[in-house]
Amino acid sequence: QDAQAQERYEFYKSKRWRSLRKLQLAEQPLCVICGAPARVVDHIERIAEGGDRYDQANLQSMCDRCHNKKRSEESRADNYKVPTMLIIGPPFAGKTSYTKEVAGVRDLVVDLDRIMEAISNGKESGHHTDRCLLPFALEARDAIIKRLTRRSDVGRAWLITTSATDEEVIQHKAKGGTVQLMMPTLTEIARRINASERASRPWEQTSWRQSVREWFRVRANSEIPQMRGMALMDLGKPEPESQPPTD
């Protein structure tokens, strides 16, 4: 969030943009919508949608009123068109199992792990697939989520995630989405790791436990009160030791 805000600040304060803005207002001093004196230089195709920042053909002069109206309409267009829930939790929280129980036959389930498995050779789970595939999986996931801002016959959408940032949660809510936190205690997660086929070897148990504890450590600094409170509460408790797998 801070990095994006800083990048936007540096762009709009840059000498190149200020020069281009001055040129645009000089060549087109009136609002393209209502004809009032223009004060804002607007990107016709938004930067976030791939619009060129510095192509003057992608710029138009607007008054404050018309520009604010355009931004409001763009914001509404970005909203989800179906009920969409973001399911957040650490590994072994039960996110996938929960979704299987509650999702209907016309519902859409978006799970990055399953996308990773779908585009890999199928021999490894999503968590351990070659990281070179991750950019492709992320783009596929983001394209599906973007499609949710257009009308469809989908009943509901369920977005399963382990690593959503505070900014992503805020953006999701701003688009009309809801959030379900799946945060079992560290003790319960350790029990699930010990019993899981995904962690049949001691080193796998250790790796998963470290990943889970890191997840809680990061969320302990979350700006979302409920998430931060639950993480801090559980980090103060001792964890049970790893158990050898039983036959």
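All of these numbers come straight from a predicted model, not from anything done at the bench.

1. Quick word on helix α2 (residues 15–27)
Between its terminal C-alpha atoms α2 stretches 18 Å, which fits the 18 Å expected from 13 residues at 1.5 Å a residue. Considered for burial, the residues of α2 that qualify are Trp17, Leu20, Gln24 and Leu25. Seen from one end, α2 has its buried residues packed into an arc of 130 degrees, which puts them on one side. Turned more than 90 degrees from where α2 packs its buried face, Lys15, Lys22 and Ala26 sit exposed.

2. Some remarks on the sheet that holds strand β6 (residues 178–181)
Taken in spatial order, the 4 strands line up as β4-β5-β3-β6 in an open sheet, and their pairing is parallel. The strands lining the two open edges of the sheet, one partner per strand, are β4 (108–111) and β6. Neighbour to neighbour, the strand axes of the sheet diverge by 20 degrees on average, direction disregarded. In this structure, strand β3 (residues 84–88) lies alongside β6, joined through 4 bridges in parallel fashion. Each bridged residue has a counterpart across the sheet, and for Leu86 the counterpart in β6 is Val179. Packed onto the sheet, helix α5 (residues 112–119) meets β4 and β5 (157–161) and runs at close to 80 degrees relative to β4.

3. Considering the packing of α5 against helix α6 (residues 134–147)
For the pair α5 and α6, the least separation of the axes is 9 Å and the interaxial angle reads 120 degrees. Classified by the angle between their axes, α5 and α6 sit oblique to one another. Crossing of α5 against α6: the hand is right-handed. Listed contacts from α6 to Leu112, Ile115, Met116 and Ile119 of α5 are Leu134, Phe136, Ala137, Leu138, Ala140 and Arg141. Broken down by class, the residue content of the contact of α5 with α6 amounts to 9 nonpolar, no polar and 1 charged.

4. Observations regarding the pairing of β5
Counting buried positions along β5 gives 5 out of 5 residues, so the element sits mostly inside the fold. Where β3 and β5 come together, 5 bridges link them in parallel fashion. The residue bridging Leu86 from the neighbouring strand is Leu159, located in β5. Two elements, β4 and β5, share 4 bridges in a ladder whose sense is parallel.

5. Comments concerning the nonpolar core
Residues Ile88, Leu159, Met183, Ile193 and Phe216 are the most contacted members of the largest nonpolar core, which totals 31 residues. Of all the secondary-structure elements, those providing two or more residues to this core are β3, α5, α6, β5, α8 (186–195), α9 (202–219) and α10 (225–235). Examining the composition of this core, we find that 4 residues originate from one element, α9, more than from any other. Of all hydrophobic cores here, the second largest spans 7 residues; its members include Trp17, Leu20, Ala38 and Leu59.

6. Description of the packing of aromatic side chains
Applying the stated criterion to the full structure yields 6 aromatic pairs. Between Tyr12 and Trp17, the aromatic rings sit 5.7 Å apart at their centres with planes inclined by 85 degrees, giving edge-to-face as the arrangement. Over the aromatic face of Tyr54 sits the side chain of Arg16, whose NZ or CZ is 3.7 Å from the ring centroid. The ring of Phe11 carries Arg53 above its face, with NZ or CZ at 4.7 Å from the centroid.

Calculation notes
Residues numbered from 1 in each chain as written. Predicted model: local features only at pLDDT ≥ 70, side-chain atom pairs only at ≥ 80, totals over all residues. Heavy atoms only, no water. Helix = DSSP H or I, 4+ residues; strand = E, 2+ residues; numbered from the N terminus. Expected span 1.5 Å × (residues − 1). Buried < 20%, exposed > 50% of the residue type's maximum accessible area, 1.4 Å probe, protein only. Arc of directions from axis to C-beta. Pairing = 2+ DSSP bridges. Axes fitted to C-alpha atoms, helices over the stretch in contact; angles between N-to-C directions. Contact = heavy atoms within 4.5 Å. Parallel < 35°, antiparallel > 145°, perpendicular 65-115°, else oblique. Left-handed = near helix turned anticlockwise from the far one by under 90°. Nonpolar A, V, L, I, M, F, W, Y, C, P; charged D, E, K, R; others polar. Core = buried A, V, L, I, M, F, W, Y, C linked by side-chain atoms within 4.5 Å. Phe/Tyr/Trp six-rings, centres within 6.5 Å; stacked < 30°, edge-to-face > 60°. Lys NZ or Arg CZ within 6 Å of the ring centre and 35° of its normal.

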